[in-house]
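In case you want the letters, here they are:
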Amino acid sequence: MLKKQAVASLGHRGLLMPVWVKAALAANDRLKVYLTVLQASATRAAHPDQEPPDLSSELRAAGLETAGWLHDMPAGASAVDGALLLPELPALVTALSEDLAVMARPVLEACTDDVEPHARVRQWQDWLAGLKGEQLDRAHLRSLTHGQRHGDDSLHLLVMDLHKAINRLSAELASEVIEGAHVWQIDEADRACIRAFMRGLNRTAPLKFDHPGLDTAATRDGARLLLQNDIGTNDAHVLVIQVEGRHISLPYSDLHRSRFAFFQAMLGPLGGIWSGVESRQTAELNEGKAYTVGTVRFEPETDAALEATLEGIGARIVYLIDWNRARKRLLHFVDKVGAVAVLTAAAEAEAGHMGWLKAGGEHLVWQAMQDVDQGAFRIGDRLDEVLGAEGARHFLVDVLVRSSEALRRGEPAALLADEARMLLSRMVHQRGAGFDLLEEHAAWCHALAQGVSDVLLQGHDGLRDAAADLAARAKAWERRADHLVMQARQEAERRPRLAPVVQLLSLSDDVADALEEAAFLIGLVADHHQHGWNVEVRQALSRLAQTVLQAVQEHVKALAIARTLDHASETNDTDAFLAATWNVVRAEKQCDELLRHARREILRNVQDAPALMLANDLALSLELASDRLLAAGYALRALVLDQSVKGA
């Protein structure tokens, strides 16, 4: 201290400023830990049955791991007559006062007026000096810890404001700028790390557009390189990345649990290992709501891997800016899981969400929903109710990506609105016409046809067990198919344009009923009614079942192609669709011939009356399935042709 005072007395105070700033940043870390421990103590006193949180990682990161009194403070806290009793309060007040002075010093020395923050700092120093004894009442606790800007001042708010002032001062003090990072007092070996971090940051920074944030400062603190990034305007949202050798550590806290989880997922591919992740809740922070804390660490094995990890971290920070605002706006269209999935996909595409917010956000989507085909959306409809969950997510991701690209290219908002409307119109045609329901129903029909065909290939000895298993599964499959028809009818009450889909599903459901009946009859045959079922009979019925299966497969193919067809579709797609529907027609004609052949074989070989009746009924059920499939195929063609004409 004597050497510093001597240098200062000679008028070279500027030489000391970097030292003071570095000490102030360390004091800031300690002050935040003091307040965190105090909040944890208050929570422990209010809920003595709960275990106090483990703050070891925070204490260690702030260099306070040897402060045993601080570690033990939450466990020793108790409530007395509405006040918080803390035996360690005198030590805490001393620590707060000393580190507040250390933190404020560079700001006060650099400040030219004597009003703010000088008066404010002195006020809180005097306030701390007035705290005596071992008790804090509720008003005193709130004055120390609350972070609400719309209320009275607090020590917590002062610490946050001083931190921001120090960040600005750090930029002014920087001896050089490396790729946009304000840097001072670093080692030569630190330059590669700083450049790597800034390479990632600068690659994605344009995605924030004119939003403030992403200012970076770098300095060395003993053995550690510190990379500090100010994410935005949020008081508490500052990242400090610590690099020591090839070890990277990043303590992170977030008022929003979902954003914390998002950041965890973003850092996952980089090999981040999280520790100390927990939810905390105090009355004076975040309006009493829980917040999440944790520390992520990386251990790259080579210098190249170290730089790649730092670049990856830098590239991902921009996606935290206004993340929760974007998530809330996406909830108008998808559920909570869907909103996070959209933001994740947009980040992975290096597009982000800020472009969408600037382009109008939810209003861009609402306008597209309003302008799309009449009857597709009604007031109160959510996007995923019409497009399905996956369809809605796909559309929103596309809109977010296009918004970012359009704004970066300087394209007019009207062009982006047109693109969103055209994209939604195409997806409504593909998804909103009920193709999800049609394809799912066809999948159950395929399962039924496959099951019947497979069982008829069984030999005499294996038929009984296989038939019993098929009958149970077929009943469940047929019920699920029925449920889809009921779901479509309910949807059609809200959206009359789905009436053709309901008609098509009803015809398709006749296919499912016929196949389920075939499975039931096989079960009866297998139950002591196989008299006369020789190779010829089984082969005749099996060929009939296989042809029905082929027809169902062609119907599934036709549905998959129909989903993408409109008036602008390629000729090859249209030809493939028509070919699939004509294959259904040909299969139905084959089934007519195969039914006659099966009857001849049954009459020639089966003499037992019950076995004869059941075998004939089985053949009829299979042929009926092909008839109903033919009717469904014609209805599908009519639906597609009608939509193509309307689309034109």
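Residues numbered from 1 in each chain as written. Predicted model: local features only at pLDDT ≥ 70, side-chain atom pairs only at ≥ 80, totals over all residues. Heavy atoms only, no water.

Draft legend 1. Layout of the overall build of the protein chain. For the protein chain, the helix and strand inventory stands at 24 helices and 11 strands. Counting over 648 residues, the protein chain shows a buried share of 50%. Counting every atom, the protein chain has about 29,400 Å² of accessible surface; 52% of that belongs to carbon and sulfur. (Helix = DSSP H or I, 4+ residues; strand = E, 2+ residues; numbered from the N terminus. Buried < 20%, exposed > 50% of the residue type's maximum accessible area, 1.4 Å probe, protein only. Areas by Shrake-Rupley, 256 points an atom, 1.4 Å probe, with all protein chains shown as cover.)

Draft legend 2. Local environment of unusual backbone geometry. Here the phi dihedral of Glu-179 falls at roughly 55°; this positive angle occurs in a residue that is not glycine. With respect to the helices and strands, the residue Glu-179 is situated in the loop between β4 (176-178) and β5 (181-184). When its relative accessible area of 46% is taken as the criterion, Glu-179 is described as partly exposed. Unlike most non-glycine residues, Gln-185 shows phi in positive territory, near 50°. Gln-185 sits in the partly exposed class, given a relative accessible area of 39%.

Draft legend 3. Fine view of the nonpolar core. Ile-194, Leu-310, Leu-383 and Phe-395 are the most contacted members of the largest nonpolar core, which has 77 residues in total. Ranked by residues supplied to this core, first place goes to helix α17 (residues 389-409) with 8 residues. Aside from chain neighbours lying at most four places away, what touches Phe-395 is Val-365, Leu-383, Leu-387, Ala-420, Leu-423, Leu-424 and Met-427. The next biggest cluster of nonpolar side chains, apart from the first, holds 74 residues, and it includes Ala-467, Ala-545, Ala-580 and Leu-629. (Core = buried A, V, L, I, M, F, W, Y, C linked by side-chain atoms within 4.5 Å. Contact = heavy atoms within 4.5 Å.)

Draft legend 4. Structural view of helix α22 (residues 535-562). Relative to the 40 Å expected for 28 residues at 1.5 Å per residue, α22 spans 40 Å between its end C-alpha atoms, a close match to the ideal helical length. For α22, the capping residue at the N-terminal end is Asn-534, with a side-chain oxygen 3.2 Å from the backbone nitrogen of Glu-536. (Expected span 1.5 Å × (residues − 1). Polar contact = N/O pair within 3.5 Å; in protein donor to acceptor, adjacent residues only side chain to side chain.)

Draft legend 5. Quick look at helix α15 (residues 362-371). Within the sequence span of α15, burial applies to Glu-362, Leu-364, Val-365, Ala-368 and Met-369. In a view along the axis of α15, the buried residues occupy a sector of 160°, so they form one face of it. Exposed and facing more than 90 degrees away from the buried side of α15 are His-363 and Gln-370. (Arc of directions from axis to C-beta.)

Draft legend 6. Quick peek at the packing of helix α10 (residues 257-267) against helix α12 (residues 323-330). Following both chains from N to C, one finds α10 and α12 inclined at 110°, their axes separated by 10 Å at the closest point. The pairing of α10 with α12 is recorded here as roughly perpendicular in orientation. Contacts between α10 and α12 involve Ser-258, Arg-259 and Phe-262 from the first element and Trp-323, Asn-324 and Arg-327 from the second. Considering only residue class, the contact of α10 with α12 consists of 2 nonpolar, 2 polar and 2 charged. (Axes fitted to C-alpha atoms, helices over the stretch in contact; angles between N-to-C directions. Parallel < 35°, antiparallel > 145°, perpendicular 65-115°, else oblique. Nonpolar A, V, L, I, M, F, W, Y, C, P; charged D, E, K, R; others polar.)

Draft legend 7. Just the pairing of strand β6 (residues 215-221), in detail. Counting buried residues in β6 gives 5 out of 7 residues, a clear majority hidden from the surface. Bridge count between β5 and β6: 3 bridges; the pairing is parallel. Bridging from a neighbouring strand, Val-183 pairs with Ala-218 of β6. Crossover handedness for the path β5 to helix α9 (residues 190-204) to β6: left-handed. When β6 meets strand β7 (residues 224-230), the two strands line up antiparallel, connected through 7 bridges. Within β7, the position partnered with Asp-215 by the bridge is Asp-230. What sits between β6 and β7 in their antiparallel hairpin is a turn of 2 residues, with Gly-222 showing a positive phi close to 65°. (Pairing = 2+ DSSP bridges. Right-handed = clockwise from strand over helix to strand, strands pointing away.)

Draft legend 8. Representation of the pattern of salt bridges within the structure. Enumeration according to the criterion identifies 24 salt bridges in this entry. Among the salt bridges present, the one from Arg-220 reaches Asp-187, with a minimum N-O distance of 3.2 Å. Of this pair, Arg-220 sits in strand β6 while Asp-187 sits in the loop between β5 and α9, placing them 33 residues apart in sequence. Looking at Arg-220, the relative accessible area reads 15%, which means it is buried. Among the residues examined, Asp-187 registers a relative accessible area of 40% and is labelled partly exposed. Between Arg-409 and Glu-411 there is a salt bridge, with the nearest N and O atoms lying 2.7 Å from each other. For Arg-409, a relative accessible area of 52% puts it in the exposed group. (Salt bridge = Lys/Arg side-chain N within 4 Å of Asp/Glu carboxyl O.)

Draft legend 9. Spotlight on the pairing of strand β11 (residues 291-298). For β11, a buried count of 7 out of 8 residues is recorded, marking the element as mostly surrounded by other parts of the structure. Alignment of strand β9 (residues 247-254) against β11, held across 7 bridges, turns out to be antiparallel. Among the inter-strand pairings, Tyr-252 is bridged to a residue of β11, identified as Gly-294. Where strand β10 (residues 273-280) lies against β11, 6 bridges are found, and the strand directions are antiparallel.

Draft legend 10. Spotlight on the packing of aromatic side chains. Under the counting rule described, the total for this entry stands at 6 aromatic pairs. Site record: aromatic cluster; members linked through ring pairs are Tyr-252, Phe-260, Phe-263 and Trp-274. (Phe/Tyr/Trp six-rings, centres within 6.5 Å; stacked < 30°, edge-to-face > 60°.)

Draft legend 11. Representation of the sheet that holds strand β1 (residues 78-80) within the structure. With respect to topology, 3 strands assemble into an open sheet ordered β1-β2-β3, the strand pairing being antiparallel. What marks the edges here is a single partner per strand, and that holds for β1 and β3 (135-136). Two strands pair when backbone bridges link them, and strand β2 (residues 83-85) and β3 are joined in this way by 2 bridges, in the antiparallel orientation. Pairing of Leu-85 across the sheet is with Gln-135, part of β3.

Draft legend 12. Spatial organisation of the side chain of Thr-547. Within the secondary structure, Thr-547 is located in helix α22. Owing to a relative accessible area of 8%, Thr-547 belongs among the buried residues under this scheme. Residues contacting Thr-547, with those up to four places away along its chain left out, are Ala-587, Gln-590, Cys-591 and Leu-594.

Draft legend 13. Looking closely at the packing of helix α19 (residues 435-456) against α22. Viewed as axis vectors pointing N to C, α19 and α22 meet at an angle of 165°, and their least axial separation amounts to 9 Å. With respect to their mutual orientation, α19 and α22 come out roughly antiparallel. In the packing of α19 onto α22, the handedness of the crossing is left-handed. Residues that form the contact of α19 with α22 fall into these classes: 15 nonpolar, 7 polar and 2 charged. (Left-handed = near helix turned anticlockwise from the far one by under 90°.)

Draft legend 14. Geometry of the environment of Leu-250. Its place among the elements puts Leu-250 in strand β9. When the C-alpha atoms of Leu-250 and Val-240 are compared, they prove to be 6.4 Å apart, with 10 residues separating the residues in sequence. Dropping the residues within four chain positions of it, Leu-250 is found in contact with Leu-239, Val-240, Ile-241, Phe-263, Leu-267, Gly-294, Thr-295 and Val-296.

Draft legend 15. Fine view of the environment of Leu-86. Looking at the element boundaries, Leu-86 is found in the loop between β2 and α5 (89-110). Along the backbone, Leu-86 and Gly-76 are 10 residues apart, and their C-alpha atoms lie at a distance of 6.9 Å. Excluding residues that lie within four positions of it along the chain, Leu-86 makes contacts with Leu-38, Ser-41, Met-73, Ala-77, Glu-134 and Leu-136.

Draft legend 16. Examining the confidence of the model for the protein chain more closely. In the predicted model, the protein chain carries a mean pLDDT of 83, and the fraction of residues at 70 or more is 88%. Counting contacts from residues 1-15, a segment whose pLDDT is below 50, to residues more than four positions away or on other chains yields 8 contacts. (pLDDT = per-residue confidence, 0-100.)

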